[in-house]
Amino acid sequence: MNELQARTRGSVHVIGAGLLGASVGLGLRERGVDVTLEDLSPTTVALAADYGAGRVRTADDPAPALVVVATPPDVTADVVERALAEFPGSVVTDVASVKLAPFLELASRGIDLTNYVGSHPMAGRERGGAIMARADLFTARPWVVCRDHETPAEALALVEAVALDLGAVLIEMTPEEHDRSVGLVSHLPQVVSSLLAARLVPATEQAIGLAGAGLRDTTRIASSDPELWVQILGANREPVVELLDALAVDIAAFAEALRDPTRSGAKRRIADLLSAGNRGVERIPGKHGSSERFTTLTVLVDDRPGQIARLLTELGELGINMEDLRLEHSPGAQIGFAEIAVLPEVAERAIEGLAERGWRTL
Ligand SMILES: NC(=O)C1=CN([C@@H]2O[C@H](COP(=O)(O)OP(=O)(O)OC[C@H]3O[C@@H](n4cnc5c(N)ncnc54)[C@H](O)[C@@H]3O)[C@@H](O)[C@H]2O)C=CC1
Ligand SMILES: O=C(O)C(=O)Cc1ccc(O)cc1
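Residues numbered from 1 in each chain as written. Chains lettered and ligands numbered in written order. Predicted model: local features only at pLDDT ≥ 70, side-chain atom pairs only at ≥ 80, totals over all residues.

Going by what an unreviewed UniProt entry lists, the protein is known as Prephenate dehydrogenase and is assigned to Leucobacter muris. UniProt annotates the protein under Catalytic activity (unreviewed entry) with the comment "prephenate + NAD(+) = 3-(4-hydroxyphenyl)pyruvate + CO2 + NADH". According to its UniProt record, the protein has this under Sequence similarities (unreviewed entry): "Belongs to the prephenate/arogenate dehydrogenase family." (UniProt positions renumbered as here; feature names shortened; annotations may be inferred.)

Caption draft 1: Local environment of the pairing of strand E6 (residues 116–121). Burial analysis of E6 places 6 of its 6 residues in the buried class, which makes it a mostly covered element. Covered by surrounding structure in E6 are Tyr116, Gly118 and His120 together with Val117, Ser119 and Pro121, the residues of both alternating faces. Bridge count for strand E5 (residues 91–94) against E6 is 3 bridges, and the pairing is parallel. The residue bridging Val92 from the neighbouring strand is Tyr116, located in E6. Bridge count between E6 and strand E7 (residues 142–146): 4 bridges; the pairing is antiparallel. Each residue of the ladder has a partner; that of His120, found in E7, is Val144. (Buried ≥ 20, exposed ≤ 12 C-beta atoms within 10 Å, placed from the backbone. Helix = DSSP H or I, 4+ residues; strand = E, 2+ residues; numbered from the N terminus. Pairing = 2+ DSSP bridges.)

Caption draft 2: A look at the site of ligand 1. Neighbouring ligand 1 are 28 residues; Gly16, Gly18, Ser97, Gly124 and Gly128 lie closest to it. At 4 residues, the largest contribution of residues to the shell around ligand 1 is made by helix H3 (residues 73–86). (Near = placed C-beta within 6 Å.)

Caption draft 3: Structural context of the domain arrangement of the protein. What the domain assignment reports for the protein is domain 1 (12–173), domain 2 (180–282) and domain 3 (295–361). Once you take the C-alpha centre of each, domain 1 and domain 2 turn out to be 32 Å apart. In this complex, domain 1 contributes 10 residues to the contact, which on the side of domain 2 involves 11 residues. Here the residues of the side of domain 1 that touches domain 2 are counted per class, giving 5 nonpolar, 2 polar and 3 charged. (Domains from an automatic or database assignment. Contact = placed C-beta atoms within 7 Å. Nonpolar A, V, L, I, M, F, W, Y, C, P; charged D, E, K, R; others polar.)

Caption draft 4: Focus on the pairing of strand E4 (residues 66–69). Going residue by residue along E4, you find Leu66 and Val68 tucked away on one face and Val67 and Val69 tucked away on the opposite face as well. Sheet topology places E4 next to E5; 4 bridges connect them, and they run parallel. By the bridge assignment, Val68 is partnered in E5 with Thr93. Since E4 and E5 lie parallel, the crossover through H3 that links them has a hand, and here it is right-handed. (Right-handed = clockwise from strand over helix to strand, strands pointing away.)

Caption draft 5: Molecular detail of the environment of Ala161. Position of Ala161 relative to the elements: it lies in helix H5 (residues 153–165). Ala161 has contacts with Arg7 and Thr8, leaving out every residue within four places of it along the chain.

As structure tokens, then:
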């Protein structure tokens, strides 16, 4: 086992040993953190323990330093309340996909929330369950932490230590900011993807047989668990309904323009909406060739064995860290393109260094 030094001090108790809970357990166990597991389902606890996500809590175990509540959103407030009562000296966090509803629910019950810090890792999979868990689920993914001014520094530090031990990138937000943001980047895409995929149900085999990457890209998350999403969307309905209403206006405008594209201004309206999409997609972090944070160099690569390996080695020798790589090559063509994303401040040095070594960049 790769026991890297853990930032997390003390033991962690996970309540809800499904996809998220077991993934937290697996990742922390890799760091040598003592993890105990609990679930309504004894089979889920046994499975998660068998996978190496932790062990069953015993009556002799001292209170954990941190409790991670990874149960469905509709029971999150209840489970957090119970954890705060059962472990009064422990910090309690949850990983539910919505942050305002559980917080307001807890606050309305008059519970002391000093030791509660809501959080949300922006990482998941289409299917839940311990069997789908992965130790690296959170690697390089944002992990939102919702503190308030009364959150003790040690409580915040403990939740942050767990997120960092799991390889995540910390982001602080208020519950309201969080829910608005995920409404746009996670909940609206889920609805659109599901509704789009639902159009395929009555389609002929012949039509479905023509499906390619475009349809796969836009419908991947339509395989998500409806039960979980009914809860998430219900708990974040205000921002999501607002976004859906705005999208419906755009869809109606698009259809109207397309109904008679010969009408004056119609083609421009269509082009404007499509190019707004181009600008939007370019803002997605990590999307190829797009991130504002990186400069993309296109390097011409001869279609000979070992060329890409040589290019990467030589970039390494130049001390250039590659942030992203995309290869483009048409079968049969004598040349390919390696699109390499680098930090803007090293782009010029990379171009010069590569030119000196005989590479052609566009
Ligand atoms: N699935 C995803 O992609 C993501 C989910 N989340 C959030 O993580 C939380 C868990 O989701 P998943 O791990 O996907 O679900 P899951 O269904 O894989 O696991 C949830 C587990 O909680 C257990 N459980 C339910 N009620 C309980 C209770 N009262 N006490 C103890 N255990 C209980 C269930 O038996 C189940 O094993 C949810 O709040 C969800 O919003 C956050 C990020 C991504
Ligand atoms: O598939 C994806 O793009 C995800 O990132 C999944 C996901 C689902 C629910 C969340 O609350 C957070 C992340």
